[in-house]
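One letter stands for each residue in the lines below.
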Amino acid sequence: MTRDPWHYPRTDLADQYLKTLEIGLIKSLALFAQRRMGKTEFLRKDLIPAAEQAGYITIYVSLWESREDPEAVLLDAIQKAAEGEGIIPDIRRRFGRPGSKIGVGANAGTVGAQASWEQGTSETSSNRMLDLRQWMNTLARKKKPTLLLVDEIQSLADEKRYGALVAALRSALDKHGDQIKAVFTGSSSEGLQRMFQKEKAPLFQFSHQIPFPQMGPEFVRHMLRAFTNATQRQLNEAETWQAFIDLALVPEHFRLMMANMVQLGSTDITTALREVKAAIQESAEYPSRWAELTPIDQAVLSMIVGGQKPYAQESRELIAERMEIAVKGVTSGVIQRSITRMCAKGVIATTGHREYLVEDRAFAAWVEQAVLHN
Ligand SMILES: Nc1ncnc2c1ncn2[C@@H]1O[C@H](COP(=O)(O)OP(=O)(O)O)[C@@H](O)[C@H]1O
Ligand SMILES: [Mg+2]
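I will try to describe carefully the structure that is included in this document. Each residue is numbered by its place in its chain's sequence as written, counting from 1. Following the order in which they are written, the chains are lettered starting with A and the ligands numbered starting with 1. Only residues with pLDDT of at least 70 are given local features in this predicted model, and only at 80 or more are side-chain atom pairs given and counted; all residues enter the totals for whole chains, interfaces and linings.

## Brief notes about helix α8 (residues 189–197)
1) Next: Counts of 20 or more other C-beta atoms within 10 Å of a residue's own C-beta define buried residues, counts of 12 or fewer define exposed ones, and intermediate counts define partly exposed ones; C-beta atoms are placed from the backbone. Starting at the N terminus, helices and strands are each numbered in turn, a helix being any DSSP run of H or I of at least four residues and a strand any DSSP run of E of at least two. Among all positions of α8, only Ser189, Leu192, Met195 and Phe196 are buried. What you see down the axis of α8 is that its buried residues fit within an arc of 125°, all on one side.
2) Next: Looking at the buried positions of α8, the neighbouring elements they touch are β1 (28–32), β4 (180–186), β5 (208–211), β6 (348–352) and β7 (355–358). The arc under discussion is defined with respect to the helix axis, by the directions toward the C-beta atoms. What counts as a contact here is a pair of residues whose C-beta atoms, placed from the backbone, lie within 7 Å.

Structure follows, in structure tokens:
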């Protein structure tokens, strides 16, 4: 991989996570942050290299691109890593099992072969779980420890479809915790709630949950240095930092702004910021997303964006005012139905204790700016 001069390395964070796993009290980490906050880049460019340096076999699986069949993709990656250094005989036998569509030999376990597995019947499903157990056993017997990284794991939150897989994964990690560590990332709080935050959830207590830290001023300083290297121009640091805050600390959007400025040969942050915001909003179609919400949903969402508790008396008064109706019309039932509706649509997610957040922070920033401040 050629080194990307714009990548801000988070080496300390990577070392810290590896150390935590190494100590052994915690066998898996779950990193949470909304999308575009830098989880994948961190895994691929910081954590994986650091883990390999420390002697781990790494398995990286992104379930974001494979939401259709995350199970096949996950199993495929684990199988490939298990087979890595020579195929173990008992696994080879399993490939030849009648009914299994996996071939024996060099092409075994290609994604295509995996994807052609029949879905659904409990027999094929339990066969797959047996395979998973075997591969994990194989990995655990290797000299090197393994680090399994599953990006955007909430694709497996559907309990009916993937409950068995998640349980099997958990029990294999439980059993081989000394040799196989795991790092999960997730971004949709709703799905993650189901997987991690309820006491009965399969990964609850098993995984140490960490809010993935946001980028700070160091990130901006790094980007300023890269900008100067690329263009021989200087940007005002305070102004640039303010722009990053205006972009809700989303590194992807900030980087887009910097890239535009490099391309245009500009040092005018105010204009660049305005343009990038417009581009983001346009591509995300926030105005139409907003317009599709019912008036009560808009009013409740405004409360959430404004940081107010939607059920509080003060909020009810504000909601009534917005909707130009009497306060007594804004009952908890009305608010609750609105919240349920917006959770189902993925607009908001609960963080527990009747608190909510907007899943797409750029949309939240848009609502704040376009609705609350106007
Ligand atoms: N450490 C970093 N240095 C520079 N840019 C970054 C960094 N992390 C993220 N970015 C920018 O943000 C974008 C989104 O990051 P990504 O890792 O894909 O987010 P996530 O996986 O959380 O959705 C990247 O494509 C990149 O442009
Ligand atoms: Mg990602």
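## Let's talk about the sheet that holds β5
Pairing between the strands of a sheet comes from backbone hydrogen bonds, and it takes one of two forms, parallel or antiparallel.
1) Next: Strands sit in the order β2-β3-β4-β1-β5 across an open sheet of five strands; the sheet is parallel. For this open sheet the edge positions go to β2 (57–62) and β5, each flanked by a neighbour on one side alone. This sheet shows a mean twist of 15° between the axes of neighbouring strands, independent of strand direction.
2) Next: Here helix α3 (residues 70–83) sits on the sheet and contacts β2 and β3 (146–151); the angle it forms with β2, its principal contact strand, is near 165°. In this analysis, strands are considered paired if DSSP registers two or more bridges between them. In this description, a line fitted to the C-alpha atoms serves as the axis of each element, helices being fitted only across the stretch in contact, and the angle between N-to-C directions of two axes falls anywhere from 0 to 180 degrees.

## Observations concerning the nonpolar core
1) Next: Residues Leu47, Ile78, Leu132, Val150 and Val183 are the most contacted members of the largest nonpolar core, which totals 48 residues.
2) Next: At seven residues, the largest contribution of residues to this core is made by α3.
3) Next: Each residue touching Val150, except ones within four places of it in the same chain, is listed here: Val61, Leu63, Leu74, Ala182 and Phe184.
4) Next: Ranked by size, the runner-up nonpolar core spans 41 residues in total, among them Ala299, Val347, Phe363 and Ala365. Note on terminology: a nonpolar core is any set of buried Ala, Val, Leu, Ile, Met, Phe, Trp, Tyr and Cys residues joined through C-beta atoms within 7 Å.

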